[in-house]
Each structure stands twice: as C-alpha cells, then as structure tokens.
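An overview of the molecular structure
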Amino acid sequence: MVLAAEIAAYRAGEGVPGRLVGEFRRTALLVPLTDGSDGGLMSAVSGGIRWFYAFTDEEALSRFALARGEAGREWPYLAILGARLVDVVVPQVGGPAGVAVNVADEDGSMLFPPVAGIVPDACAVDTADAHAEADAGVVA
C-alpha cells in the first residue's frame, strides 16, 4: 500500500513526482481481465488514450466493481508490476496508452499518462519523435 500513500501525498501537494513514479514502477498492481475469451487487460479509451485500469489492492478493485454496478460477479485479474505494465504492455498497444490507478477512489486515484519518464520514450506523446510523426501525418 506504499503506492496508495504516495498517491495521497502527491494529491495533497506534498509528494515528489520521481518518488511517486518509482513506487508505481515497483508496485504489483491488480489489472482486471476482460470478459472475452482473449484474456486481455481491461481498459477504456478517453481523449484518444487507452487507459489500463490498475488497482493497489483487492479492496480498490472491489470499489471499482461496485461503482460499475458489477459487484456481484467474479473479477479475475492479473498481478503485474507497474514497470512491466508500462515497459512491456503499453508498447504493444500501437497508440497512446497510460495507466489509471484506483479510478473508483475519488481522493485516491492517479493517472500515469503516456509521457516521457513514465512510458518508454518511443511511446510517449511528448517526445520529439512523437511530434515529428504527428507533423508527418503518421497516426499511431
């Protein structure tokens, strides 16, 4: 639950961005699986970014299920390090992707967007390569 404490500190204006990202990378997050037979990771697209849902513990995942009105069903999930999620999964998306942590917790949620320092530079939307591709009309 160290990540949850880092998120709380950051949201209170007392956190250190580097420490928050470091803790995110070291934390085993719970990522729900989709209902389909593909066994994919649950995500949503908002603002042109694919956001993977991730939770710091089963209680946070339960609050998400309750908020969706789906608390009565089983929620299979994958436990994965934040680093592996952004370093391995995000590059496979083929477009901008980030991680939304504890999204059902009004005061405890945090977005880790597709920017340099969080995702690999090749996947970051704020790098020179990303801007050059956009200027050239390349759409990821």
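Residues numbered from 1 in each chain as written. Predicted model: local features only at pLDDT ≥ 70, side-chain atom pairs only at ≥ 80, totals over all residues. Heavy atoms only, no water.

Examining the overall build of the protein
Here is the rule: The helix count covers DSSP runs of H or I at least four residues long, the strand count covers runs of E at least two residues long, and both are numbered beginning at the N terminus. Buried means the residue's accessible area, taken with a 1.4 Å probe over protein chains only, is under 20% of the maximum for its type, while exposed means over 50%, and partly exposed covers the values in between. Every residue pair with non-hydrogen atoms within 4.5 Å of one another is taken to be in contact. Method for areas: the Shrake-Rupley scheme with a 1.4 Å probe, in which residue coverage is limited to the protein chains shown.
A tally of regular secondary structure across the protein gives five helices and six strands. For the protein, the N- to C-terminal ordering of α and β elements is α-α-β-β-β-α-β-α-β-β-α. Classification of the 140 residues of the protein by burial places 38% in the buried group. For the protein, the proportion of contacts with a sequence separation of at least 24, taken over those separated by at least 6, is 59%. Accessible area of the protein: about 7,500 Å², with a carbon and sulfur share of 54%.

A short note on helix H2 (residues 17-26)
Along H2, the positions that sit buried rather than exposed are Leu-20, Val-21, Gly-22, Glu-23 and Phe-24. The inward-facing, buried residues of H2 abut helix H1 (2-11), strand E1 (28-32), helix H4 (82-89), strand E5 (97-101) and strand E6 (110-112).

Section: the environment of Ile-80
Summarising the element assignment, Ile-80 is placed in strand E4 (residues 77-81). With a relative accessible area of 9%, Ile-80 lands in the buried category. Separated by 53 residues in the primary sequence, Ile-80 and Thr-27 have C-alpha atoms spaced 8.0 Å apart.

Topic: the nonpolar core
Note that soluble globular proteins tend to have their nonpolar side chains buried in a common cluster. Selection rule: What is meant by a nonpolar core is a set of buried Ala, Val, Leu, Ile, Met, Phe, Trp, Tyr and Cys residues, joined one to another through side-chain atoms within 4.5 Å.
Leu-3, Phe-24, Leu-85, Val-99, Val-101 and Phe-112 are the most contacted members of the largest nonpolar core, which totals 24 residues. Elements represented by at least two residues in this core include exactly H1, H2, E1, strand E3 (49-54), H4, E5 and E6. One finds Met-42, Tyr-53, Ala-60 and Trp-75 within the second-largest nonpolar core, a separate group that totals nine residues.

Some thoughts on the packing of aromatic side chains
Filter applied, for reference: Between 30 and 60 degrees the pair is tilted, below 30 it is stacked and above 60 it is edge-to-face, where a pair is any two Phe, Tyr or Trp rings, Trp via its six-membered ring, whose centres lie within 6.5 Å. Remark: a charge is flagged as sitting over a ring if the NZ atom of Lys or the CZ atom of Arg is within 6 Å of the ring centre and within 35 degrees of the ring normal.
If you walk through the whole model with that rule in mind, you get four aromatic pairs. Consider the rings of Tyr-53 and Phe-64, whose centres lie 4.8 Å apart with planes at 45°: the pair is tilted. In this pair, Tyr-53 sits in strand E3 while Phe-64 sits in helix H3 (residues 58-67), placing the two residues eleven residues apart along the sequence. Between Phe-64 and Trp-75, the aromatic rings sit 5.6 Å apart at their centres with planes inclined by 75°, giving edge-to-face as the arrangement. In this pair, Phe-64 sits in helix H3 while Trp-75 sits in the loop between H3 and E4, placing the two residues eleven residues apart along the sequence. An identical accessibility class is assigned to Phe-64 and Trp-75; each is buried. Site record: aromatic cluster; members linked through ring pairs are Tyr-53, Phe-55, Phe-64 and Trp-75. Over the aromatic face of Trp-75 sits the side chain of Arg-73, whose NZ or CZ is 3.8 Å from the ring centroid.

Some words on the sheet that holds E6
We count it as follows: We treat two strands as partners when DSSP finds at least two bridges between them. Inter-axis angles, ranging from 0 to 180 degrees, are taken between N-to-C directions of lines fitted to C-alpha atoms, where helices are fitted over the stretch in contact.
Overall, mixed pairing links the four strands, which are arranged E2-E3-E5-E6 in an open sheet. For this open sheet the edge positions go to strand E2 (43-46) and E6, each flanked by a neighbour on one side alone. Averaged over all pairs of adjacent strands, the angle between strand axes in this sheet comes to 30°, irrespective of strand direction. Inspection of the sheet shows E3 paired to E5 by five bridges, in the parallel sense. Within the sheet, the bridge partner assigned to Phe-52 lies in E5 and is Val-99.

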